[in-house]
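The primary structure of each chain is shown beneath.
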Amino acid sequence: MANQDDQFKKVISHAKEYGYVFQSSEIYDGLSAVYDYAQNGVELKKNIRDYWWKAMVQMHDNIVGIDAAIFMHPTTWKASGHVDAFSDPLIDNKDSKKRYRADVLVEDYCLKIENKIEKEVKKASKRFGDAFNKEEFLSTNPRVLGYQEKIDSILSRLGKSLEKEDLADVKLLIEELEINCPVSGSRNWTDVKQFNLMFGTKLGASAESAMDLYLRPETAQGIFVNFLNVQKTGRMKIPFGIAQTGKAFRNEIVARQFIFRMREFEQMEMQFFIKPGTQGEWYEHWKETRMKWHLSLGMGAENYRFHDHEKLAHYADAAADIEFKFPFGFKELEGIHSRTDFDLKAHEEHSGKKLQYFDHEDNASYTPYVLETSIGLDRMFLAVFSNALVEEELENNTTRTVLKLPAVLAPFKAAILPLVKKDGLPDVAKKIVEDLKWDFNVTYDEKDAVGRRYRRQDANGTPFCITVDHDTLEDNTVTIRHRDTMEQSRVKIEDLKSIIKKEVDVKTWLMKMK
RNA sequence: GCGAAAGUAGCUCAGGGGUAGAGCAUCACCUUGCCAAGGUGGAGGUCGUGGGUUCAAAUCCCAUCUUUCGCUCCA
């Protein structure tokens, strides 16, 4: 555990020191759980996004991309269930310091009463034997009726109070029912507070005419509401997918662990529209496909695992996470969810517009089912970055800090270094930079001993160092050094482009998925 | 949100009532020239922020912000 903490600390400080991630508004003491991507981080993040986009959109005939707005019509979030599901009434017990959902406490209480009814039923069934009629017993036994009445009145009061957002009454209810904290056993409760996980804002200049809006808490809904537009204008035939990357916002109660859980974050997701009944096979297909994508980056199969959900969200009929071994343990990196027709149906209901597909094979219309793959770009960034950071013991008893980023994702593909800062070597090196920068993000460095420059590039994840020496002036060859092996070979300047391209090309890496 | 720990230079940290230090990094120059840590010089901090105690606060007290960990929550 101490090692894990150490490694995580190193990741955070390395990310700052080498210009990958800064805390937002740092000069004002920062803003909780908000981070900025710095000069190198933005390149890495962009490369991850591109790698995903190529794999998901460009390589699939039947998947197209969109970029929906962050603002959406407020009804969207009613339809999606976020208005209800994303806002929890919470209450703390002052003695045990435990936090509970107030409505769950009350519901649990009702559950206990229900258990009492069950007991009555059991007792009665023993007593009456074969003559026992459960239905009749439930509707006539005075004790059972009393219990049931109590449950009904509690739940209806709870429902009404929640509807009116009368949180004081919810607390009162908890007090009247004499509900104890399961841990401390006390009834020393705080007030009930409403937590809404969506960020609100206003559309419109004047207060009276302004409309309440939310910043989207997920990007998926932008795809669902555009489903028919894309299908028609793109002449898409089921099965087909719509992909999107973009920011989403959640007002997390607890947002922590560096960029793992942020209040503003970026998702990369794809909604795949399919014929009802085929969701099982597509679920398996996308689980496998997405795992292959991860494995293609060569970050170690042992660092990934599936986690199948037992408790499913309200929209899903199957769901699994791809978990990655972060410095703080295995955590969710990507979700693959079989969302059924929940979203499209909900939008049909709330908008009154049909969101159906006419299948010419069946000669019938239906609301498609949806299979979702959704990955957090920031989490992927953290996975790549933390996995890449290693400290190596070298033979000469020195240590080397290397950021072993997959070459396809590295911010800089090569550093061009003149062996010395004289004899015209910098000019030759700069000429190489001028030539290569059309194809790759490259950098130039002439400061300090070349060995130190190598280490500097190692720590920044640059896969290649190209060194111009005195022989270069004679025969137009340079040395090219590989970051991970530290091995060097002598190559012609004119061959540099093809050598680098082979190693850093998206194609080279994505082919590993096959 | 509760509890614990922490916040001093870009990074890692020392100091602990008498107005700031180290290593590395960074910048300039010199030297060297294929795997970091030669030389000289420079820049960089009102010790997270705000209050209080004191003749005097980075140091003691209170509040607050931020971070990490535990609880809690998590589409």
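Predicted model, so just to flag it, every value in this text is computed and none were measured. (Residues numbered from 1 in each chain as written. Chains lettered and ligands numbered in written order. Predicted model: local features only at pLDDT ≥ 70, side-chain atom pairs only at ≥ 80, totals over all residues. Heavy atoms only, no water.)

### Overview of the overall build of chain A
Then, number 1: Across its full length, chain A carries 18 helices and 23 strands.
Then, number 2: The globule rule puts the C-alpha radius of gyration for 514 residues at 24 Å, and the 29 Å found for chain A is more than 25% above it.
Then, number 3: The buried share of chain A, taken over its 514 residues, is 49%.
Then, number 4: Taking the intrachain contacts of chain A between residues at least 6 apart in sequence as the baseline, contacts between residues at least 24 apart amount to 65%.
Then, number 5: Of the accessible surface of chain A, which amounts to about 26,900 Å², a share of 49% is contributed by carbon and sulfur atoms.
Then, number 6: One finds the centroid of the 75 positive side-chain charges in chain A at a distance of 2 Å from the centroid of its 83 negative side-chain charges. (Helix = DSSP H or I, 4+ residues; strand = E, 2+ residues; numbered from the N terminus. Rg over C-alpha atoms; globule rule 2.2 N^0.38 Å. Buried < 20%, exposed > 50% of the residue type's maximum accessible area, 1.4 Å probe, protein only. Contact = heavy atoms within 4.5 Å. Areas by Shrake-Rupley, 256 points an atom, 1.4 Å probe, with all protein chains shown as cover. Lys, Arg positive; Asp, Glu negative; His and termini not counted. Charge placed at Lys NZ, Arg CZ, Asp CG, Glu CD.)

### Some points on helix H2 (residues 41-58)
Then, number 1: For H2, built from 18 residues, the straight-helix expectation of 26 Å at 1.5 Å per residue is met to within 8% by its first-to-last C-alpha distance of 24 Å.
Then, number 2: Within the span of H2, buried status applies to Gly41, Leu44, Lys45, Asn47, Ile48, Tyr51, Trp52, Ala55, Met56 and Val57. (Expected span 1.5 Å × (residues − 1).)

### Digging into the pattern of salt bridges
Then, number 1: The tally for this structure, following the rule as stated, stands at 31 salt bridges.
Then, number 2: Here Lys10 ties to Glu391 by a salt bridge, and the two come within 3.9 Å at their closest N and O atoms. Of this pair, Lys10 sits in helix H1 (residues 2-17) while Glu391 sits in strand E17 (residues 389-393), placing them 381 residues apart in sequence.
Then, number 3: Look at Lys10 and you get partly exposed, because its relative accessible area is 40%.
Then, number 4: Lys202 is the partner of Asp212 in a salt bridge, and the nearest nitrogen-oxygen pair spans 2.9 Å. Of this pair, Asp212 sits in strand E8 (residues 211-214) while Lys202 sits in strand E7 (residues 200-203); the two residues are 10 residues apart in sequence, bridging distant segments of the chain.
Then, number 5: Given the relative accessible area of 54%, Lys202 is considered exposed.
Then, number 6: Through salt bridges with shared partners, a single ionic network connects Glu392, Arg400, Lys404, Asp458 and Arg481. (Salt bridge = Lys/Arg side-chain N within 4 Å of Asp/Glu carboxyl O.)

### Quick word on the environment of Trp77
Then, number 1: By the element assignment, Trp77 lies in helix H3 (residues 75-79).
Then, number 2: Note on Trp77: relative accessible area 0%, which makes it buried.
Then, number 3: When the C-alpha positions of Trp77 and Leu213 are compared, they lie 9.7 Å apart, and in sequence the two are 136 residues distant.
Then, number 4: In this structure, Trp77 is in contact with Met72, His82, Val83, Met198, Tyr214, Arg216, Pro217, Glu218 and Gln221, ignoring residues within four places of it in sequence.

### A short note on the packing of helix H7 (residues 142-163) against helix H8 (residues 167-176)
Then, number 1: Close contact between H7 and H8 brings their axes to 9 Å; oriented N to C, the two are set at 155°. As far as their axial angle goes, H8 and H7 are roughly antiparallel. Taken together, the residues of H8 that come into contact with H7 (itself represented by Ile154, Arg157, Leu158, Ser161 and Leu162) are Asp169, Val170, Leu172, Leu173 and Glu176.
Then, number 2: Classifying every residue of the contact of H7 with H8 by side-chain character gives 6 nonpolar, 1 polar and 3 charged. (Axes fitted to C-alpha atoms, helices over the stretch in contact; angles between N-to-C directions. Parallel < 35°, antiparallel > 145°, perpendicular 65-115°, else oblique. Nonpolar A, V, L, I, M, F, W, Y, C, P; charged D, E, K, R; others polar.)

### Section: the packing of aromatic side chains
Then, number 1: Within the structure shown, the criterion is met by 21 aromatic pairs.
Then, number 2: Arranged with centres 5.2 Å apart and planes meeting at 75°, the rings of Tyr35 and Phe258 form a pair that is edge-to-face. Taken together, the residues Tyr35 in strand E2 (residues 35-37) and Phe258 in the loop between strand E9 (240-249) and strand E10 (264-274) connect sequence positions 223 residues apart.
Then, number 3: Three or more aromatic residues joined by ring pairs make a cluster, and in this case those are Phe8, Phe260, Tyr304, Phe324, Phe326 and Phe328.
Then, number 4: Here Lys287 stacks its cationic end above the ring of Phe306, 4.8 Å away from the centre of that ring.
Then, number 5: Residue placement shows Arg305 over the ring face of Phe330; its charged tip is 4.1 Å from the ring centre. (Phe/Tyr/Trp six-rings, centres within 6.5 Å; stacked < 30°, edge-to-face > 60°. Lys NZ or Arg CZ within 6 Å of the ring centre and 35° of its normal.)

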